[in-house]
Amino acid sequence: MPKSTAKTGGVTAPVQTSTASTTAPSVRGWRDYVLLLALACCWSSTYPLTKIALGSIPPVTFISARSLVAALFLLVVLRIRGIRIPTDLKAWKLFAFQQTINSTIPFLVITWAQQFVQASHTVVLASTTPIFAFLITWAITRHEPASLIKLLGATLGLAGTVAIIGLDALSGFGKEIAAEIAILLATVSFACATIFGLRLSDYDPMVVAAGSLLFGGTVLLPLALMLEHPWTLHPTPQALVATVTMGIFSSALGLMLFYMCLTRLGTLATNAQAYLRIPIGVALSVVLIGESVPSNLALGLVLVMAGVAAMTVPADTLKRALSRLW
C-alpha cells in the first residue's frame, strides 16, 4: 500500500494515502476496542460533570472555559513531546470546521433546547447520532460498508438507551417540537463530524484535538464576555473542579481518543460509543450525584451491548459466532 509523508505539527510521520484513510479497517484488535471503551468513559462523564458545573457557571462561559482548559493541557503535552501545532491556513480551516460541526454549534443548540426539553428526551434524541451516521454513509458518502447488521446494531443501541432511562421517556414527545428538532439537527451535525473527521487522519490526533479546542474556546470567549460577564460570577469549588476535570478528561483526552478511533475503527464503529456512554454515564451519575438506579438497567445493558457488537465486530466474525450458536 502506498505511503505518504504527513504533517503532525513539526514532526513527519508516514501515513496511508487518503483512499485508505477513508475506509474502515478490516482487521481490528482488542486495543481498538479498549480505545472505544476509553472514549465512552471520557465522554460519559459529560452528563454528571455538566450538571455540577452549570449550577453556578452559565453555559457559554462553561463551554469556552472547558475548551480552553483542554487546549492548554494538550498544548503543554505537545510541547513536552516536541510537536508543534501547524501554522498553515489549510490545517486551521480543517480544525475550525471540524470544531464548529462537532462541538460549538451542536453544544450551543442542545444547551438552548434543554431549557424546553426534558433531560430524558434529550438523551434519547442525542442517541440517534449512530443512525444518522449510518444513513449518511449509506446514502451519500459510501466511504465504508453500511450493512443492514450495522443498522440493526444502531437500532438496538437506541432501544437500549430508551430502556435504561425508562419507557416513560417516550411520552411527551412533540410538545416542544422546535426544540426537539433542534436537538435532532445537532445530532446530524455530530454524525457529519465523524465523517468529516476522517480528513484529519494525516495529523497527530493530539494536534487535531488541541487545534480544534483552541479554536472553539477562543471563538466562544467574546460571546461569553458580552452575554454572561464571567468576571461577576461566583462559581462553587465543585463547579470549578467539574469544569477543569471535564476539560482534561472529556474534552482533551476524549477528543484525542475520538480521532484515534476514527482512524482505527471507522465512522460507524466509532459512533457505537454513543450507546456505551449511556450505562457508564448512569453509573457515574449514581456515584457522583446520587441519582437512582434505573429499573430497566439490565435489559438496557443487554440491548446496548448487542447493538455495539453489531456495529463494531467485523461481519465475518459475527457470522462465525452465530453459526456456532445455531
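See above for the structure.
Heads up: these notes are all about the structure in this document. (Residues numbered from 1 in each chain as written. Predicted model: local features only at pLDDT ≥ 70, side-chain atom pairs only at ≥ 80, totals over all residues. Heavy atoms only, no water.)

Checked against the element boundaries, His229 lands in the loop between helix H10 (205-228) and helix H11 (237-265). For His229, a relative accessible area of 35% translates into the label partly exposed. With 171 residues separating them in the primary sequence, His229 and Pro58 have C-alpha atoms 9.6 Å apart. Here Met226 takes part through its backbone oxygen, which lies 3.3 Å from a polar atom of the side chain of His229. (Helix = DSSP H or I, 4+ residues; strand = E, 2+ residues; numbered from the N terminus. Buried < 20%, exposed > 50% of the residue type's maximum accessible area, 1.4 Å probe, protein only. Polar contact = N/O pair within 3.5 Å; in protein donor to acceptor, adjacent residues only side chain to side chain.)

It is worth spelling out the packing of aromatic side chains at this point. Taken as a whole and judged by the stated rule, the model has seven aromatic pairs. A centroid spacing of 5.4 Å and a plane angle of 35° characterise the contact between Trp43 and Phe258, whose relative ring orientation is tilted. On the criterion of sequence distance, the pair formed by Trp43 in helix H2 (residues 30-44) and Phe258 in helix H11 is long-range, its members being 215 residues apart. Note on accessibility: Trp43 and Phe258 belong to one class, buried. Aromatic side chains Phe95 and Tyr203 sit 5.7 Å apart centroid to centroid with 70° between the ring planes, which places their arrangement in the edge-to-face category. Of the two residues, Phe95 sits in helix H5 (residues 89-113) while Tyr203 sits in the loop between helix H9 (177-196) and H10, which places them 108 residues apart along the sequence. Each member of the aromatic cluster is reached from another via a ring pair, and the members are Trp43, Phe258 and Tyr259. (Phe/Tyr/Trp six-rings, centres within 6.5 Å; stacked < 30°, edge-to-face > 60°.)

Turning to H11, a few remarks are in order. Roughly 35° is the biggest bend found in H11, and it falls at Met246. Gly266 lies just past H11 and shows a positive phi near 90°. (Bend = angle between axes of the 7 residues up to and from the residue.)

Keep in mind that these numbers describe shape and distance, not what the molecule does.
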